[in-house]
Amino acid sequence: MSLAPADFDYVRTLVRDEAAIVVEPGKSYLVESRLAPVARRHGLQTIDRLVQQLRRGSPRLRDEVVEAMTTNETSFFRDVHPFTSLEERVIPELMQRRAARRQLVFWSAACSSGQEPYSVAMLLREKFPQLASWNVRIVASDISAEMLGRAAAGRFSQLEVNRGLPARYLAKYFQREGAEWQISDEIRRMVEFRAVNLIQPWPRMPPVDVLLLRNVLIYFDHGTKREILARCRQTLQPDGFLFLGAPETTLNVDPAFDRVQHGQTICYQLKSATGTGQGCTK
Ligand SMILES: C[S@@+](CC[C@H](N)C(=O)[O-])C[C@H]1O[C@@H](n2cnc3c(N)ncnc32)[C@H](O)[C@@H]1O
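Definitions and limits used
Residues numbered from 1 in each chain as written. Predicted model: local features only at pLDDT ≥ 70, side-chain atom pairs only at ≥ 80, totals over all residues. Heavy atoms only, no water. Pairing = 2+ DSSP bridges. Helix = DSSP H or I, 4+ residues; strand = E, 2+ residues; numbered from the N terminus. Axes fitted to C-alpha atoms, helices over the stretch in contact; angles between N-to-C directions. Buried < 20%, exposed > 50% of the residue type's maximum accessible area, 1.4 Å probe, protein only. Arc of directions from axis to C-beta. Contact = heavy atoms within 4.5 Å. Expected span 1.5 Å × (residues − 1). 1 Å grid on protein atoms, 1.4 Å probe; cavity = no way out; pocket = protein on both sides within 12 Å on 5 of 7 lines; lining within 4 Å. Points joined across faces, edges and corners; volume = space filled by probe spheres on them. Nonpolar A, V, L, I, M, F, W, Y, C, P; charged D, E, K, R; others polar.

Draft legend 1. Representation of the sheet that holds strand β5 (residues 180–183). Strand order in the open sheet made by the three strands is β3-β5-β4, with antiparallel pairing throughout. The open sheet terminates on both sides in strands that have one partner only, identified here as β3 (155–157) and β4 (174–177). Strand-to-strand twist across the sheet, computed as the mean angle between neighbouring axes with direction ignored, equals 35 degrees.

Written out as structure tokens, the structure is:
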């Protein structure tokens, strides 16, 4: 039985208010397919029943529904080129500029099940061993408690390690445990996980050198994107780097950022840092 329009609107509004995620009109099938497992978990026969419970106001159920409506697609070294840019341009440049303070802060701000921040951690260990004596922080956050739990555990399925992870890194940084792969403590301990809902107040952060805000703005409307990018400006070091997902851009959203082309990827820096008003190309 399909979801009543009033129930669909109720869920859309809830998800919009709690996470800023926009569910387009007509995507009732999406709500039904995402919420069916939640209804089953709670022993409810139909989604209508689930929405009835929601309307009665259980905060835990609200969180579960919001989490079920998030898209958690991710992979190790997703899209490759941003990590090439980090390796070849961004980190060497930052290491020169921060040579006196010897401190670097990375923030993966919608980290899902952890592949993104762990990719950064492995890249640092593998390509920049000299950073071992620096104060390097990799903060990883997400709205989803379930995803954060999985990320912090550092356990991945065969399918997940088959996606994007070089075989050499699998052999070096993971150990097989039954049907899964456990990331090494050395890498796991490099990442600090915390819950952050990007539309609520952000925690106090040290100024961030590299902000990975990838494949999450895409779910928000224009106004929310603008607000979040304004907060990125405050959080980033004046010469820091912002990475968005391939389908995302600051263009027509926040004119304070310049697009900076590094090989086959685009990242963003504040105009005050590029000094050009137009971005530079390699
Ligand atoms: C598609 S994943 C992107 C993961 C990773 N950044 C990547 O590019 O592979 C989007 C993530 O954004 C999170 N998310 C959605 N809305 C959010 C919000 N309001 N605040 C924080 N995280 C949110 C979801 O839980 C999900 O894990």
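Draft legend 2. Broad picture of the pairing of strand β10 (residues 265–270). Of all six residues making up β10, five are buried, and the element is well covered by its neighbours. Where strand β9 (residues 257–262) and β10 come together, six bridges link them in antiparallel fashion. Its bridge partner being in β10, R259 is matched across the sheet by Y268. The turn joining β9 and β10, which pair antiparallel and follow one another in sequence, is formed by two residues; a positive phi near 55 degrees is taken by G263.

Draft legend 3. Local environment of helix α3 (residues 47–56). Of all the positions in α3, only I47, D48, L50, V51 and L54 are classed as buried. One side of α3 holds all its buried residues, which, seen down the axis, span an arc of 155 degrees. As for α3, its buried residues are in contact with α1 (5–19), α2 (28–41) and α4 (59–69). Of the residues flanking the end of α3, it is G57, one or two places downstream, whose phi is positive at about 95 degrees.

Draft legend 4. Inspection of α1 at higher detail. With 15 residues, α1 extends 21 Å between its outermost C-alpha atoms, agreeing within 8% with the 21 Å of an ideal straight helix rising 1.5 Å per residue. Within α1, the full set of buried residues consists of D7, F8, V11, L14, V15 and A19. Across the axial projection of α1, the buried residues extend over an arc of 130 degrees, all falling on one side. Residues P5 and D17 are exposed on α1 and point more than 90 degrees away from its buried face.

Draft legend 5. Representation of empty space enclosed by the protein in the model. Under the definition given, this model contains two cavities of 30 Å³ or more. There is about 330 Å³ of room inside the largest cavity. Lining the largest cavity are 24 residues, and of these T71, A110, D142, N215 and V216 lie nearest its centre. Around the second largest cavity, the lining residues are R98, R101, Q103, V105, P207, D209 and Q237. Looking at the lining of the second largest cavity residue by residue, the classes come out as two nonpolar, two polar and three charged.

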